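Structural features, examined
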Amino acid sequence: KDIDGIIWWCAFPLFRLVYSVIGSDSVNYEDQFFIYVGNLAAVLSDTFLLIGCLKFIGQPINWKLIGGYLILFVLICCYKYSINAELPERTKLVVVFDLIPIISSIMVLFRLPNTKYALEKYFTIFWVSMQIAVFSFWILINFEFNNRDYGIYILFSLTFIYVSHIFTTVGLIILTIARRRSQLREESRDHKLLEEELEKTLRKAQDANDEKTKFLTNMSHELRTPLNAIIGFSESLKLSYYGELNPKQREYVDNIHGGGELLLKLITDLLDLSSIEEGKMDILLEEVNLNLLIEKTLPLLREIVGAESDRLKIHNEISDSKKSCAVYIDQIRTKQILINFVSNAVKYGNPDSDVILTISDHDEHYFRVSVKDSGRGIAPEQYENIFKPFNRAGNEKSNIEGIGVGLSIARKLIHEMQGNIDFISTVGEGSEFWIDIPKSKQHQLPIS
């Protein structure tokens, strides 16, 4: 988070080191050019200190002003170099220009909050301020560095200014560590508060889910009893147990019976979904011959498509040599999935188009059973909603029956059987849903 400021601060000791290396051998320079380079390094060092401080507290930087300040210093250095200025004149120039970023850095550091890292802040400010103290001493002696009366004091001031650079660098390091420590404390506190909120929300969601499950279970059981009676009585009327019905009466009885069966199916779906979510759905896995299972399921599937219709087409692509291979599944739940696929193909497909059920040898681990329709298809933006419970993938306002839980139940069931489920769809052309049924590790089972 503070990397921008830290990068600029890294340049502070680097350019101070350049200044020190050049200054340590200045008596041997015949040409003063390198001395001015060292002076520029000193001014750059404190300028980078100021930029780092501004970055550290998130203050905007006037790059034009800083650029103009440095260009002015370079121009004056060029003038001093052209007139062979003496040591006091050169030093005055450095002091005047160096005081600007030093004082500015101190002012910026004072803006840091005292409550979080006051000790580290004032430690750094103290050692930055020591440069001002040294400069004040030089101004006091009028930069007479060759005056023997001040010899020991000048040497002490030079030593002290190098010590201030070292401890300023140390201060910047511990200030960065203190800022990060404070950030980690705040993040830890925020995470703790977030965890507490999440726990509360999770408890509320769990309570709501338990209440929903309890409500659905109780409601479903309460509704099934009178529904079974309605379906039973309407079926007796359809079969003319109590006398023949006229056409109008038969029409009404058919509507009663059909509506009752639809409502019973919806209630059963809700119970299944509730049972799966509670982990109470029993899955009985056993060795089954897939071809035989499909044959036993076909009458139910044809009834869904239309008993007198030949719209349901069966494509068995499994070779004769593998038709006796077993699968390891729950027979009832597998039938339930296939019934759901065919029911959806009829509801969402074109009424005059075929419903194609295909059985294939997908790979060494799975057989694949797919159901394809030629209907409206599914929009790509709805793909992620297909297997969500109570989501009808954009068909909520249509007059097609259903509450959008069938595919959600199918996915949960096939996953419980260690299989896979997926689909492909093209808008305006239709959809194909499939399940990959795990092959048994056993060898062969009779196909009839």
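The following paragraphs examine the structure supplied in this document.

Let us now look at the overall build of the protein chain. In terms of helices and strands, the protein chain carries 10 helices and 7 strands. Relative to the 2.2 N^0.38 estimate, which gives 22 Å for 448 residues, the radius of gyration of the protein chain is 43 Å and therefore markedly larger than a compact globule would have. Structurally, the protein chain occupies a C-alpha span of about 135 × 50 × 40 Å along its principal axes. Looking at the protein chain as a whole, 40% of its 448 residues qualify as buried. Contacts in the protein chain between residues at least 24 apart in sequence constitute 74% of all its contacts with a sequence separation of at least 6. As displayed, the protein chain offers around 25900 Å² of accessible surface, 59% of which is attributable to carbon and sulfur atoms.

Attention shifts here to the environment of isoleucine 141. Considering the arrangement of structural elements, one finds isoleucine 141 in the loop between helix H5 (114-140) and helix H6 (151-238). The spatial distance from the C-alpha of isoleucine 141 to the C-alpha of isoleucine 154 is 9.5 Å, given a sequence separation of 13 residues. Every residue in contact with isoleucine 141, bar those within four places of it in the chain, is listed here: Tyr150 and Ile154.

Judged by side-chain charge, Glu195, Glu196, Glu197 and Glu199 come together as a negatively charged surface patch. Tracing the backbone shows glutamate 197 in helix H6.

With that settled, the discussion passes to a nonpolar patch on the surface. Together, Phe233, Leu237, Leu239, Tyr241 and Tyr242 give the surface a local cluster of nonpolar side chains, amounting to about 610 Å² of exposed area. Relative to the helices and strands, tyrosine 242 is located in the loop between H6 and helix H7 (247-277). Overall, tyrosine 242 belongs to the exposed group, its relative accessible area being 61%.

This paragraph deals with the packing of helix H2 (residues 33-57) against helix H3 (residues 63-82). Interaxial distance between H2 and H3 falls to 11 Å at its minimum, and their mutual angle equals 165°. Viewed along their axes, H2 and H3 adopt a mutual orientation that is roughly antiparallel. H2 and H3 meet at a crossing whose hand is right-handed. Of the residues in H3, those in contact with Phe33, Tyr36, Asn39, Leu40, Val43, Leu44, Thr47, Ile51 and Lys55 of H2 are Trp63, Ile66, Tyr69, Leu70, Phe73, Val74, Cys77, Lys80 and Tyr81.

Below, the discussion takes up the environment of glutamate 432. With respect to the helices and strands, glutamate 432 occurs in strand S7 (residues 430-444). For the pair glutamate 432 and isoleucine 356, spaced 76 residues apart in sequence, the C-alpha separation works out to 9.0 Å. Excluding residues that lie within four positions of it along the chain, glutamate 432 makes contacts with Ser370, Val371, Lys372, Asp422, Phe423 and Ile424. For glutamate 432, the side chain forms a polar contact with the side chain of serine 370, separated by 2.9 Å.

Turning to unusual backbone geometry, a few remarks are in order. Positive phi, normally seen in glycine, also occurs at asparagine 84, with a value near 55°. With respect to the helices and strands, asparagine 84 occurs in the loop between H3 and helix H4 (87-109). Accessibility expressed as a relative area gives 52% for asparagine 84, which makes it exposed. The phi dihedral of phenylalanine 143 is positive, around 55°, even though this residue is not glycine. With respect to the helices and strands, phenylalanine 143 occurs in the loop between H5 and H6. Here phenylalanine 143 falls in the buried class, since its relative accessible area comes to 6%.

A few words now on the side chain of aspartate 46. Within the secondary structure, aspartate 46 sits in helix H2. Here arginine 16 takes part through its side chain, which lies 2.3 Å from a polar atom of the side chain of aspartate 46. Non-local contacts of aspartate 46, meaning those with residues more than four positions away in its chain, are made with Phe12, Arg16, Asp98, Pro101, Ile102, Ser105 and Gln131.

The end-to-end C-alpha distance of H5, which contains 27 residues, comes to just 34 Å, noticeably less than the 39 Å that a straight helix rising 1.5 Å per residue would cover. Along H5, the largest kink reaches about 40° and is centred on glutamate 120. A positive backbone phi angle near 60° is found at asparagine 142, which sits one or two residues after H5.

So, about the pairing of strand S3 (residues 325-329). Of all the 5 residues making up S3, 4 are buried; the element is thus mostly covered by neighbouring parts of the structure. For strand S1 (residues 286-289) and S3, the ladder comprises 4 bridges, and the chain directions are antiparallel. Each bridged residue has a counterpart across the sheet, and for valine 288 the counterpart in S3 is valine 327.

Two elements in contact, H2 and H4, have axes whose closest approach is 8 Å; the angle formed by their N-to-C orientations is 10°. It follows that H2 is roughly parallel to H4 by the angle criterion. The residues of H4 that touch H2, namely those facing Ile35, Tyr36, Asn39, Ala42, Val43, Asp46, Thr47, Leu49, Leu50, Cys53, Leu54 and Ile57, are Arg90, Val94, Phe97, Asp98, Pro101, Ile102, Ser104, Ser105, Val108 and Leu109. For the contact of H2 with H4, a count of residues per class yields 15 nonpolar, 4 polar and 3 charged.

This structure, assessed with the given rule, holds 11 salt bridges. Here glutamate 187 and arginine 180 are joined by a salt bridge, their closest N and O atoms 3.5 Å apart. We classify glutamate 187 as partly exposed; its relative accessible area is 33%. Exposure remark for arginine 180: the relative accessible area of 38% places this residue in the partly exposed category. A salt bridge links lysine 248 to glutamate 251, with the shortest nitrogen-to-oxygen separation between them at 3.7 Å. Separated by 3 residues within a single helix, lysine 248 and glutamate 251 lie in helix H7, roughly one turn from each other. Here the residues in one salt-bridge network are Arg16, Asp46 and Asp98, joined through shared partners.

With that settled, the discussion passes to the nonpolar core. Counting 43 residues, the largest nonpolar core has Trp9, Leu49, Phe135, Trp138 and Leu175 as the members making the most contacts within it. Ranked by residues supplied to this core, first place goes to H2 with 10 residues. Contact partners of leucine 49, with chain neighbours within four places excluded, come to Trp9, Phe12, Ser105, Val128 and Leu172.

About the thresholds
Residues numbered from 1 in each chain as written. Predicted model: local features only at pLDDT ≥ 70, side-chain atom pairs only at ≥ 80, totals over all residues. Heavy atoms only, no water. Helix = DSSP H or I, 4+ residues; strand = E, 2+ residues; numbered from the N terminus. Rg over C-alpha atoms; globule rule 2.2 N^0.38 Å. Buried < 20%, exposed > 50% of the residue type's maximum accessible area, 1.4 Å probe, protein only. Contact = heavy atoms within 4.5 Å. Areas by Shrake-Rupley, 256 points an atom, 1.4 Å probe, with all protein chains shown as cover. Patch = residues over 30% accessible without salt bridge, like charges linked within 9 Å, V, L, I, M, F, W, Y side chains within 5 Å. Salt bridge = Lys/Arg side-chain N within 4 Å of Asp/Glu carboxyl O. Lys, Arg positive; Asp, Glu negative; His and termini not counted. Charge placed at Lys NZ, Arg CZ, Asp CG, Glu CD. Axes fitted to C-alpha atoms, helices over the stretch in contact; angles between N-to-C directions. Parallel < 35°, antiparallel > 145°, perpendicular 65-115°, else oblique. Left-handed = near helix turned anticlockwise from the far one by under 90°. Polar contact = N/O pair within 3.5 Å; in protein donor to acceptor, adjacent residues only side chain to side chain. Expected span 1.5 Å × (residues − 1). Bend = angle between axes of the 7 residues up to and from the residue. Pairing = 2+ DSSP bridges. Nonpolar A, V, L, I, M, F, W, Y, C, P; charged D, E, K, R; others polar. Core = buried A, V, L, I, M, F, W, Y, C linked by side-chain atoms within 4.5 Å.

Note that all results are geometric; they support no functional claim without further evidence.
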